[in-house]
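Per-entry structural report
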Amino acid sequence: DAGITQSPRHKVTETGTPVTLRCHQTENHRYMYWYRQDPGHGLRLIHYSYGVKDTDKGEVSDGYSVSRSKTEDFLLTLESATSSQTSVYFCAIRTSGNTGELFFGEGSRLTVL
Amino acid sequence: AQKVTQAQTEISVVEKEDVTLDCVYETRDTTYYLFWYKQPPSGELVFLIRRNSFDEQNEISGRYSWNFQKSTSSFNFTITASQVVDSAVYFCALSERSGGSNYKLTFGKGTLLTVNP
């Protein structure tokens, strides 16, 4: 158990509404990531954070913003949700060491109508 | 640029058969890491194994084994005597250093393995 909690786990919203997903970790790991998973695409990196207030873009960052004001929380925001953002979102942490493996939360299923 | 290819989109086998999941990767780095993750029907992502680019020894863990060959840029995963509980989507992933102490993990598109009783 990597101590990662995602909330909400399920959400249905309408196009144009803002949505925030929260990732909470209990072990003070420096690196945190947001991925989305879609059929036929595997997992794709949206944004990541390498410390408090330090974030960077991944390969599919358009339409998403992130914030990390505390080590334990990494927020993913869709300012104006679109149907193309219907997906399963996974938060991940990288534990100590320089080998790069990630440990994932349970995922948040977002449906944008 | 890095790329991970899992050519097998879906595989279906009968219980007790052996099955190999293929993974081919592309990278220009000399130091990198390869991973396999399992995603069962319940949806969570489970880390299975990590190999680094300097260690080509094959690894066996129970019914699971991994064959890493740098010469062919492949990191294949074999399940021996498959069981229904092995049914899942399996992802291969490649990690390279992307500045400082950060690593960028890129996933293949996954292989759906169905083991029928």
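Note: the structure precedes this text.
All values reported here derive from a predicted model rather than from experimental measurement.

**A short note on the overall build of chain A**
Tallying secondary structure elements over chain A gives zero helices and eleven strands in all. Mapped in sequence order, the helices and strands of chain A form the string β-β-β-β-β-β-β-β-β-β-β. Over its C-alpha atoms chain A spans a radius of gyration of 13 Å, differing by no more than 12% from the 13 Å that the globule rule assigns to 113 residues. Summarising its shape, the C-alpha atoms of chain A cover approximately 40 × 30 × 25 Å along the three principal directions.

**Brief notes about the layout of surface pockets**
The computed volume of the largest pocket comes to approximately 530 Å³. Taken together, 27 residues form the lining of the largest pocket, with Gln 37 and Pro 39 of chain A together with Gln 39, Val 89 and Phe 91 of chain B sitting closest to its centre. Sorting the residues of the lining of the largest pocket by element identifies strand 4 (31-38), strand 9 (87-94) and strand 11 (108-112) of chain A together with strand 1 (3-5), strand 10 (88-97) and strand 12 (111-116) of chain B as the ones contributing at least two each. For the lining of the largest pocket, the class distribution of residues is seven nonpolar, 15 polar and five charged.

**Quick word on the interface of chain A and chain B**
You'll often see interface size given as the accessible area lost when the parts meet. Contacts between the two partners involve 19 residues from chain A, matched on the other side by 17 residues from chain B. Here chain A packs against chain B, burying approximately 1,700 Å² in sum over the two surfaces, 54% of which is carbon and sulfur. In this assembly, chain A and chain B are joined by one salt bridge. For Glu 101 of chain A, the salt bridge is made with Arg 50 of chain B, and the minimal N-O distance between the two is 2.6 Å. Counting the contacts that link chain A with chain B gives four residue pairs in polar contact (both at pLDDT 80 or more). Broken down by secondary-structure element, the contributors of at least two residues to the side of chain A that touches chain B are strand 4, strand 5 (42-51), strand 9 and strand 10 (102-104) of chain A. The element contributing the most residues to the side of chain A that touches chain B is strand 4 of chain A, with four residues. For the side of chain A that touches chain B, the class distribution of residues is nine nonpolar, seven polar and three charged.

**Things to note about unusual backbone geometry**
Geometrically, the link from Ser 7 of chain A to Pro 8 of chain A is a cis peptide bond, its omega value of -10° lying close to zero. Despite not being glycine, Ser 73 of chain B shows a phi value in the positive range, around 50°. We classify Ser 73 of chain B as partly exposed; its relative accessible area is 23%.

**Some remarks on the environment of Arg 94 of chain A**
Here Arg 94 of chain A is to be found in strand 9. C-alpha of Arg 94 of chain A to C-alpha of Arg 9 of chain A: the two residues are 85 residues apart in sequence and 21 Å apart in space.

**A few points about the pairing of strand 5 (residues 32-39) of chain B**
Residue and element names in this part refer to chain B. Of all eight residues in strand 5, eight are buried; the element is thus mostly enclosed. Neither face of strand 5 is exposed, since Tyr 32, Leu 34, Trp 36 and Lys 38 on one face and Tyr 33, Phe 35, Tyr 37 and Gln 39 on the opposite face are all buried. The sheet contact formed by strand 5 and strand 10 spans eight bridges and is antiparallel. When the bridges of strand 10 are listed, Tyr 37 appears paired with Phe 91. The pairing of strand 5 with strand 6 (residues 46-52) spans six bridges and is classified as antiparallel. Directly across from Tyr 33, in strand 6, lies its bridge partner Asn 52. Here strand 5 hands over to strand 6 after six residues, with Gly 43 in that stretch at a positive phi of 100°.

**Regarding the sheet that holds strand 1 (residues 4-7) of chain A**
Residues and elements named next belong to chain A. Reading across from one edge, 1-3-8-7 is the order of the four strands in this open sheet, with antiparallel pairing throughout. Two strands lie at the open edges of the sheet, namely strand 1 and strand 7 (65-70), each paired on one side alone. Direction aside, neighbouring strands of the sheet carry axes that sit 20° apart on average. Bridge count for strand 7 against strand 8 (residues 73-78) is four bridges, and the pairing is antiparallel. From the neighbouring strand, Ser 67 faces strand 8, where its bridge partner is Leu 75.

**Remarks on the pattern of salt bridges**
Going through the model one piece at a time under the given rule, you end up with nine salt bridges over all chains. Measuring nitrogen to oxygen at the nearest pair gives 3.0 Å for the salt bridge that ties Glu 106 of chain A to Arg 9 of chain A. Of this pair, Glu 106 of chain A sits in the loop between strand 10 and strand 11 while Arg 9 of chain A sits in the loop between strand 1 and strand 2 (10-13), placing them 97 residues apart in sequence. The class of Arg 9 of chain A is partly exposed, set by a relative accessible area of 34%. Residues Glu 59 of chain B and Arg 51 of chain B are paired through a salt bridge, measuring 2.6 Å at the closest nitrogen-oxygen approach. You can call Arg 51 of chain B buried: its relative accessible area is 8%. Within this structure, Arg 22, Lys 70 and Asp 73 of chain A form a network of salt bridges that share partners.

Criteria and thresholds
Residues numbered from 1 in each chain as written. Chains lettered and ligands numbered in written order. Predicted model: local features only at pLDDT ≥ 70, side-chain atom pairs only at ≥ 80, totals over all residues. Heavy atoms only, no water. Helix = DSSP H or I, 4+ residues; strand = E, 2+ residues; numbered from the N terminus. Rg over C-alpha atoms; globule rule 2.2 N^0.38 Å. 1 Å grid on protein atoms, 1.4 Å probe; cavity = no way out; pocket = protein on both sides within 12 Å on 5 of 7 lines; lining within 4 Å. Points joined across faces, edges and corners; volume = space filled by probe spheres on them. Nonpolar A, V, L, I, M, F, W, Y, C, P; charged D, E, K, R; others polar. Contact = heavy atoms within 4.5 Å. Buried area = accessible area lost by both parts, 1.4 Å probe. Salt bridge = Lys/Arg side-chain N within 4 Å of Asp/Glu carboxyl O. Polar contact = N/O pair within 3.5 Å; in protein donor to acceptor, adjacent residues only side chain to side chain. Buried < 20%, exposed > 50% of the residue type's maximum accessible area, 1.4 Å probe, protein only. Pairing = 2+ DSSP bridges. Axes fitted to C-alpha atoms, helices over the stretch in contact; angles between N-to-C directions.

Read these as geometric descriptors, not functional statements.
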